[in-house]
Amino acid sequence: MSPIIKLTNVCKSFGSLVVLDGLDMEVAQGEKVALIGPSGSGKSTVLRTIMTLETISGGEIEIDGEALWHMRRNGKLVAADEAHLRKMRSKVGMVFQQFNLFPHWSVLKNVVNPLRTVLGLSAQDARARAEELLALVGLKDKLNAYPGNLSGGQQQRVAIARALAMRPRIMLFDEVTSALDPELVGEVLNVLRLLAHEHDLTMIMVTHQMGFAREIADRVLFFEKGRIVEAGKPDKVFTNPDSDRTRAFLNAVLQG
Amino acid sequence: MIPFDFDYARSILPLLLEASLVTIAATVVSFAAALAGGLVLVLGMRAPFAAVRWPVWAVVQFIRSTPLLVQLYFLFFVLPGFGISLSPFVTGVAGMGIHYSCYIAEVYRAGLESVHKGQWEAATALNYRKSAAMVQIILPQAIPPIIPVLANYMIAMFKDTPILASITVIELMQTANIIASEKFLYVEPMTLVGLIFLAMSLVASACVRLLQGRLAR
Amino acid sequence: MSLIYEARWVFLEGILTTIKITIAASLLAFAMAFLAGLGRLSPFAPLRWLALVYIEVFRGVALLVQLFWMFFVLPFFGIVLDPIVTAVLALGLCNGAYGAEIVRGAIKSVPHGQSEAACALNYSRQQALWKILIPQAIPMMLPPFGNLAIELLKATALVSLITVHDLSFQALTLQQTTMRTIEPFTVVLAGYFLIAIVITGLFRLAERQTNARLGRGAR
């Protein structure tokens, strides 16, 4: 089966700083992939380019067999226009480190409004779907609360519900527990565990929670300097990595 | 068809440029007055006695909420009744200085408060005297960020100088008015005055931006 | 003070004119502020330049010069406006240019994560602007817009110089009819101060309303 995400020789630099250095990467449909590695190694940038939050300086990204940043017009490959990008974005959802809930809306409206505005759902359908997902993340009793009055863990669960409600085929999780107080990490990881059972949902997560990555990932990619240094099953990468760099990183992280 | 006579415009330009010297002088002098007045007011607003703080605050609010034009009328018409007769220029500069010192006091206050409280605490922990902490630690951090703000107030004052015409100061706009009413030809002098203001403001704003970039480094 | 009481109708005519001009010019200024502020953020370059030229010209030229230009020069182009209309136009356009920077600054200061989240949820640029960014920017605009409204109120005094019978104009009328100086000018200054207090109060109220709607007050 062809991969749902395919990055070929992707390059990205900010000024003279090279963030992605000819990256090749494939993710199969339904696969759960964890990206690990030191900060500044380009893991988050991978997610952000897939979400089209960052452009790429070179290479190609394909989602579901279709180029992300290019499209065919009259048989020629041209730069993607806004309509193409929006079509591609509808396949992808993302959860951010800083939650990025809309503070001027209640929890319910945070989930309902994108369904109405972007997907054009009716008020009843949107509300029903929003309630279903907020129940899934355990926040059925917070529908009318405002983000500012929720704990970080609750906010992040709303953010997950909001992204899931759009029914993307791919979910990107960008260090979703890094901004949380330690005692709130568990409730968010529990929601992710739940999602990991969704057979069709493709999940890519950037994480520093090594134990969690090992538990739910089908595959772990170790990043360094904008490239994948090592990839493999979690048990293999975490217990017996091929690369010395991976070993050094894991030693430093696990002892810390 | 634009009724703009370039030859006529060229013939009155020297007069206008000369008059703009009065405008610039009024700006510079009243700005200096406002800088000094602002200092007095900020000291008053931070005085240890509420009996000082409160009236100063009230006066500042009042002056900031009422038009410069009427304040100038007040000085111009009322002061002579008390035996104080100042030239229109001095009256105007004093009025603008007082008016803007109320804004500049606020700039000083914000500048002082923008220095992190931890800086005071560190100075205290190192056993600095309060005055030494102010001069050596607080002010050097408070002053650079307010310089562009002050410069913008100077530009604002520059653009308020035409109001001085209303108390018979012959500055740039009043000169244009006089020229215009002689032959009842308003297009050229008024347009030129507008362009002179625009040019000077743009240059001044560019300088402020340059200064801001320099200070940000 | 009894002289002032006898001249109260003169004062009232003035204060009503000032209030009318302040309201009309504020509405125009807010409209222009949004148009030009959004124009500056437009992805369409000619629109950005147009907004920039408007902002720079109307901020760069002294308001009194703009007023006189519209009052004395426009008639030479065959455009003769009522002095009050001239006053509202000049005040609205000039303050709108200042307001445009408020609008642009507030929208730009909404945290970047908000536009990223909107993008990730596949909102179009327009949808993100109107549903996510502007509603969050408005509470930030209110305090500076309140200050701008006060500045506009003060600037209305200049319209007396183009023959509009506003509060400042009546100050001179009162001075001439009563042959006094302190009283008329003090009363007129107090009149402006009163209007300013009302404006400040209205903006405070609006701030409280929007903050409550943002759920910040519901803690």
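Note that the structure is a prediction, hence the values are computed from the model and not measured.

**Observations regarding helix α1 (residues 43-50) of chain A**
All names here are of chain A.
Right, on to step 1. In terms of burial, α1 is largely enclosed, as 7 of its 8 residues are buried.
Right, on to step 2. What α1 keeps buried is the set K43, T45, V46, L47, R48, T49 and I50.
Right, on to step 3. Trailing α1 by a residue or two, T52 shows a phi angle of about 65 degrees, which is positive.

**Details of the nonpolar core**
Right, on to step 1. Counting residues in each nonpolar core, the largest one holds 115 residues, and the members touching the most others are L16 of chain B together with I107 of chain C.
Right, on to step 2. Of all hydrophobic cores here, the second largest spans 97 residues; its members include V112, A145, A163 and L201 of chain A.

**A closer look at the packing of helix α7 (residues 172-183) of chain B against helix α8 (residues 187-216) of chain B**
Residues and elements named next belong to chain B.
Right, on to step 1. Relative to each other, α7 and α8 sit at 165 degrees, their axes nearing to 9 Å. Considering their axes alone, α7 and α8 lie roughly antiparallel with respect to each other. Our pair here, α7 against α8, has a crossing hand that is right-handed. Counting all contacts with α7, which are made through L172, M173, A176, N177, I179 and A180, the residues of α8 involved are P189, M190, V193, I196 and F197.
Right, on to step 2. Considering only residue class, the contact of α7 with α8 consists of 10 nonpolar, 1 polar and no charged.

**Details of unusual backbone geometry**
Residue and element names in this part refer to chain A.
Right, on to step 1. At N100, a position not held by glycine, the phi torsion is positive, near 55 degrees.
Right, on to step 2. Tracing the backbone through its elements, the reader meets N100 in the loop between β8 (92-95) and α3 (107-117).
Right, on to step 3. On the basis of relative accessible area, N100 is assigned to the buried category, the value being 10%.

**Re the interface of chain C and chain A**
Right, on to step 1. Contacts between the two partners involve 22 residues from chain C, matched on the other side by 27 residues from chain A.
Right, on to step 2. Counting the surface lost from both chain C and chain A, the interface buries some 2200 Å², and carbon and sulfur atoms represent 55% of this.
Right, on to step 3. Considering only the side of chain C, the residues that lose the most area to chain A are E116, L121 and N122 of chain C, jointly responsible for 28% of the buried surface there.
Right, on to step 4. Run the count over chain C and chain A and you get 2 salt bridges.
Right, on to step 5. As a salt-bridge pair, E116 of chain C and R48 of chain A come within 2.4 Å of each other at their nearest N and O atoms.
Right, on to step 6. Our count for the contact surface shared by chain C and chain A stands at 8 residue pairs in polar contact (both at pLDDT 80 or more).
Right, on to step 7. Secondary-structure elements contributing two or more residues to the side of chain C that touches chain A are α6 (112-120) and α7 (125-155) of chain C.
Right, on to step 8. Looking at the side of chain C that touches chain A, the element that brings in the most residues is α6 of chain C, giving 7 residues.
Right, on to step 9. The class makeup of the residues in the side of chain C that touches chain A is 10 nonpolar, 7 polar and 5 charged.

**Some thoughts on the interface of chain C and chain B**
Right, on to step 1. Listed per partner, the contact involves 36 residues of chain C and 36 residues of chain B.
Right, on to step 2. Regarding the contact of chain C and chain B, the summed buried area is about 3100 Å², with carbon and sulfur atoms giving 80% of it.
Right, on to step 3. Looking at the side of chain C facing chain B, the largest losses of area belong to F76, K154 and L189 of chain C, adding up to 19% of the total buried there.
Right, on to step 4. Across the chain C-chain B interface, the total number found is 0 salt bridges.
Right, on to step 5. Sorting the residues of the side of chain C that touches chain B by element identifies α3 (45-60), α4 (63-73), α7, α8 (167-178) and α9 (182-213) of chain C as the ones contributing at least two each.
Right, on to step 6. For the side of chain C that touches chain B, the residue count by class is 26 nonpolar, 6 polar and 4 charged.

**Looking at the pairing of strand β11 (residues 219-224) of chain A**
All names here are of chain A.
Right, on to step 1. Burial within β11 is extensive, with 5 of its 6 residues counted as buried.
Right, on to step 2. Pairing between strand β3 (residues 32-36) and β11: 4 bridges, direction parallel. Bridged to A34 within β11 is V220.
Right, on to step 3. Note: β11 against strand β12 (residues 227-232), 5 bridges, orientation antiparallel. Bridge pairing in β12 links E224 to R227.
Right, on to step 4. Counting the residues between successive antiparallel strands, the hairpin from β11 to β12 contains 2 residues, one of them, K225, with a positive phi of roughly 50 degrees.

**Things to note about the packing of aromatic side chains**
Here a ring pair, both rings aromatic, is described through the centre-centre distance and the interplanar angle of the planes.
Right, on to step 1. Taken as a whole and judged by the stated rule, the model has 22 aromatic pairs over all chains.
Right, on to step 2. Ring plane angle 45 degrees and centroid distance 5.7 Å describe the contact between Y103 of chain B and Y153 of chain B, whose orientation is recorded as tilted. Of this pair, Y103 of chain B sits in helix α4 (residues 88-114) while Y153 of chain B is found in helix α6 (residues 130-160), placing the two residues 50 residues apart along the sequence.
Right, on to step 3. The class for Y103 of chain B is buried, based on a relative accessible area of 5%.
Right, on to step 4. Classification of Y153 of chain B as partly exposed rests on a relative accessible area of 23%.
Right, on to step 5. Ring geometry for Y54 of chain C versus F58 of chain C: centroids 5.2 Å apart, planes at 45 degrees, classification tilted. Note that Y54 of chain C and F58 of chain C are positioned in helix α3 at a spacing of 4 residues, about one turn of the helix.
Right, on to step 6. Relative accessible area serves as the criterion here: at 13%, Y54 of chain C is assigned to the buried category.
Right, on to step 7. Three or more aromatic residues link up through ring pairs in this structure, and these residues are F184 and Y186 of chain B together with F68, F71, F72 and F76 of chain C.
Right, on to step 8. Over the ring of F102 of chain A we find R162 of chain A, and its NZ or CZ is 4.4 Å from the ring centre.
Right, on to step 9. When the ring centre of Y103 of chain B is taken as origin, the NZ or CZ atom of R64 of chain B, which lies over that ring, is 4.5 Å away.

Thresholds, definitions, all that
Residues numbered from 1 in each chain as written. Chains lettered and ligands numbered in written order. Predicted model: local features only at pLDDT ≥ 70, side-chain atom pairs only at ≥ 80, totals over all residues. Heavy atoms only, no water. Buried < 20%, exposed > 50% of the residue type's maximum accessible area, 1.4 Å probe, protein only. Helix = DSSP H or I, 4+ residues; strand = E, 2+ residues; numbered from the N terminus. Core = buried A, V, L, I, M, F, W, Y, C linked by side-chain atoms within 4.5 Å. Axes fitted to C-alpha atoms, helices over the stretch in contact; angles between N-to-C directions. Parallel < 35°, antiparallel > 145°, perpendicular 65-115°, else oblique. Left-handed = near helix turned anticlockwise from the far one by under 90°. Contact = heavy atoms within 4.5 Å. Nonpolar A, V, L, I, M, F, W, Y, C, P; charged D, E, K, R; others polar. Buried area = accessible area lost by both parts, 1.4 Å probe. Salt bridge = Lys/Arg side-chain N within 4 Å of Asp/Glu carboxyl O. Polar contact = N/O pair within 3.5 Å; in protein donor to acceptor, adjacent residues only side chain to side chain. Pairing = 2+ DSSP bridges. Phe/Tyr/Trp six-rings, centres within 6.5 Å; stacked < 30°, edge-to-face > 60°. Lys NZ or Arg CZ within 6 Å of the ring centre and 35° of its normal.

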